[in-house]
Each structure stands twice: as C-alpha cells, then as structure tokens.
Amino acid sequence: MPKDELPQALRWAIRTQIPFDVETASLSFEVVDSFEKKKSVLVMASSEKLLTAWATAIQEAGFRVASITSSSLALLGWMAEERVLSSADALALVEMGGSRASLFIVAGGKVKFIRDLEIGGGNITHSLTQALAIPGGELKLEEEEAERLKRSYGFPNQEQLTGEKLMASQMVSLMRPLLERLASEIKRSFSYYREGQVQRVYLSGGASQLKQLVPFLTEKVGCPVEALPLITGFRFESAKIKEADLKTQFPVLASVLGLAYKEGKSPNLLPSRFREKGKTQVIERIAMRLLSFSVVAVLLTMAIFQRTQLHLLKRQYAISQSSLKVVQEIETLEKALEIWRVVGLNIQEGHPHLLGALKEMAHSLPPHAVLDQMSLSPGSSELKVTGTIFGF
C-alpha cells in the first residue's frame, strides 16, 4: 500500500476500536515492522477536540506545544536505542501511573503488544480508604492518611505498624485484592502474546515505587520483575541531583526523560494547526535571533572602526605636534645663524667684538643646543663655530 494511503486505511481499520468519531480524531502512526506485503503498524488516536483544549491551555500559559505523544512510547524508543530492550527475547515494560498502567511487550527492540490496565497508584490509595470492622465500630482512613501510609510502608510485611491506626495485616488485607488483580492482568496479557515467552518485566512510573511490589509481582507473575534500570549516557547540569538518588528515582523520571530525548522522533498527535503555528513561532524566533546577531555585529564593527580611526587620529596628532616642534627649532636655528652671519661680517670688517658676539649667540641658541668651539683662522676673516644639538 502506498504510504500516502496508509492514514485513511488506518482510520477505517480502527473505527470500531475507539470510543469517539474516527473522522474527527487526531491520528498518528509508526510502522514498526514489515514482512512480505504486510506491515505491522503502531497507531495512536485521540479526540482532536480534547487535544485542542489541552494545547490551547498550554499555549495560554505561555508555553509552546512541541508535540503530544505517549510517554511510554517515547521511553520505549529511548530504551531501544540505548540497548536496554534490544534483546531478541520478549521483555515487558509496565508503566504505572496514577489511574492506570500501560503494558508493552517488546522483542528485538520492537513493540509487539500494548494493553492498558485500569489499575494505578490512585486505586491502591483508594483501597486503603475502605471501611474496616473493628471492635466497637469501624475504621475508615481519609485519602491523605491512606496516601501517607502507602508511601511510608507500601505492601507491608511487618507484624506491626508502630503508632499507626492500622496494623500491617489490615493494610495487606485491603491492598491484596487490587495487587492480585494487577498480577493477574499482567499474566493474562502474556497469554495474548503468542510469539514467545516473556522473560523479564520492568516497572516504571510513580506507582511502581510501592515498597514490596517487586517481590510480590515476581512471585505472582512467574518471571523476574525489577525496577527499570538506570540508563547511562546522559548527565544533569544541576549539582543537586546525586547519582545515588537518580538510581532510585529513575523509574519515576524515565518517562519524562524519554519524552525529552525522543522529541520529534515519536508519533505526534498534536493537531496540524498547532504544528504550523509552532513552526511559524520557531521561524520568528530564529529570525529575531539572526536580527539581534546582525545588529550586534554591526555595532561591534562600528565600534572597531571608530577605535581604529581614533588611534589613527592620535598618531597623526602626535606626528603633527612633532613636526611643529621641528619647525619651531628650525626657525630658532635660522635666527641664530643670522646672528652668526652678522658677527662674521663684523669680523671680516675688522671689528671682532668677540665677547659681545659670544653673549649674543648664547642667548639665541635653543636650550638643547650647546656651543662647543669657535675659532678664527690667522690671516683669514673666516669664523668657524661648532657645537651639538640634542634630540635630532
């Protein structure tokens, strides 16, 4: 079947399996396996009206909706890429939330079977609020007290709960029927899967943190059950998260981390108009960033140009000041030479007023000019003056 015809064919195939109008549903799918002329397709569908309400509420809160997908599928995709579920043997993942549990059977990194179980952490808490007959009346816990006991003791195996209203045996009697049903539904799901024997079960989600749940399910399901192991290869920027805490909390955080890791790679139920709006917003943000970078680049270029111009002007000013000083010195020397010329003429005329000439020349010399020697050759009217000018 051509790929562009697959969405309409899938709508026809699932029309009797969903509790809302398939024509108004938001649908997404992923081909998980192909063999000969058949395809194994994983389909997600939800009411577009409900999805629109969620997306609108999130946008009005100031956030951008990137995608709406199954956290379990995102987690499975992440686990497959990290080789946690790459075994050829069949493995199961049970993600336990507040109101239900999702069960996935995976073989060779591919999803083979999916089933929802109407049992979650909230159901376990509610089971502890049932009335118990006690001498003189009945005992019934409030929801908050039941939640506290569940988190503190789980499925207890102690003889006594010190300082509590309930005894361990009473908690067990209230919780056991629900946990027995959970184990039974998991086993029954395995019987639907006919491609092999499930070798191991991984638990994730907040409700999977129930104390003593792992050994209870291991005994009842008939195969090893364990909390989802820590996936390595990533790190948190915050130094507040310690590795030891991460290991214990990973089954709770795994779905969120899977969504972040697989963003854009999992089936997406987000209505198309929100996707187009999201793309427009992304383009606008990129354009604004590019504009900001351009403005900054122009300003930096102008600043560099102005600094260069200022440097050149300072150099030109220094050169002009130096040239002016040289001109002034030349003018002074020219005046001195004129005086010496007059003195020379007087000597040639036989009026060698040497003392006065020396005084006059001393006054006319610049500060950094020093007269070293002056001589008059015998039998000649030639006056010879020598000296040193510093700074040239």
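The model shown is predicted, which means the values in this text are computed figures rather than measured ones.

### Section: the pattern of salt bridges
Scanning the model with the defined rule gives 10 salt bridges in all. Ionic pairing is found between Asp116 and Arg100, a salt bridge with its closest N-O pair at 3.4 Å. Linking Asp116 in strand 5 (residues 110-117) with Arg100 in the loop between strand 3 (90-96) and strand 4 (101-107), this pair joins segments that are 16 residues apart in sequence. The partly exposed category is assigned to Asp116, whose relative accessible area is 39%. A relative accessible area of 38% means that Arg100 is categorised as partly exposed. Glu147 serves as the salt-bridge partner of Lys150, at 3.3 Å between the closest nitrogen and oxygen. Of this pair, Lys150 and Glu147 both sit in helix 5 (residues 143-153), three residues apart, which is roughly one turn of the helix. Linked by salt bridges that have partners in common, Arg100, Asp116 and Glu118 make up one network.

### Quick look at the packing of aromatic side chains
Applying the stated rule across the entire model yields two aromatic pairs. With a centroid separation of 6.3 Å and an interplanar angle of 50°, the aromatic rings of Phe113 and Tyr192 are classed as tilted. Of this pair, Phe113 sits in strand 5 while Tyr192 is found in helix 6 (residues 168-192), placing the two residues 79 residues apart along the sequence. Take Phe113: its relative accessible area is 17%, and that puts it in the buried class.

### Let's talk about the environment of Arg181
Among the structural elements, Arg181 can be located in helix 6. Taking the relative accessible area as the measure of exposure, Arg181 reaches 40% and is therefore partly exposed. The sequence separation of Arg181 and Ile119 amounts to 62 residues, and the corresponding C-alpha distance is 8.6 Å. Beyond its immediate chain neighbours, meaning those up to four positions away, Arg181 contacts Glu118 and Ile119.

### Let's talk about the sheet that holds strand 5
An order of 5-4-3-8-9 is seen for the five strands of this open sheet, with the pairing classed as mixed. The open sheet has two free edges, formed respectively by strand 5 and strand 9 (225-227), since each of these has just one partner strand. Looking at each pair of strands side by side, their axes are set apart by 20° on average, direction ignored. Where strand 3 lies against strand 8 (residues 198-204), six bridges are found, and the strand directions are parallel. What sits directly across from Ala90, in strand 8, is Val198.

### A few points about unusual backbone geometry
One non-glycine residue with positive phi stands out, namely Gln212, at about 70°. Tracing the backbone shows Gln212 in the loop between strand 8 and helix 7 (213-221). With a relative accessible area of 34%, Gln212 lands in the partly exposed category.

The rules behind the values
Residues numbered from 1 in each chain as written. Predicted model: local features only at pLDDT ≥ 70, side-chain atom pairs only at ≥ 80, totals over all residues. Heavy atoms only, no water. Salt bridge = Lys/Arg side-chain N within 4 Å of Asp/Glu carboxyl O. Helix = DSSP H or I, 4+ residues; strand = E, 2+ residues; numbered from the N terminus. Buried < 20%, exposed > 50% of the residue type's maximum accessible area, 1.4 Å probe, protein only. Phe/Tyr/Trp six-rings, centres within 6.5 Å; stacked < 30°, edge-to-face > 60°. Contact = heavy atoms within 4.5 Å. Pairing = 2+ DSSP bridges. Axes fitted to C-alpha atoms, helices over the stretch in contact; angles between N-to-C directions.

On their own, these measurements won't tell you what the molecule is for.
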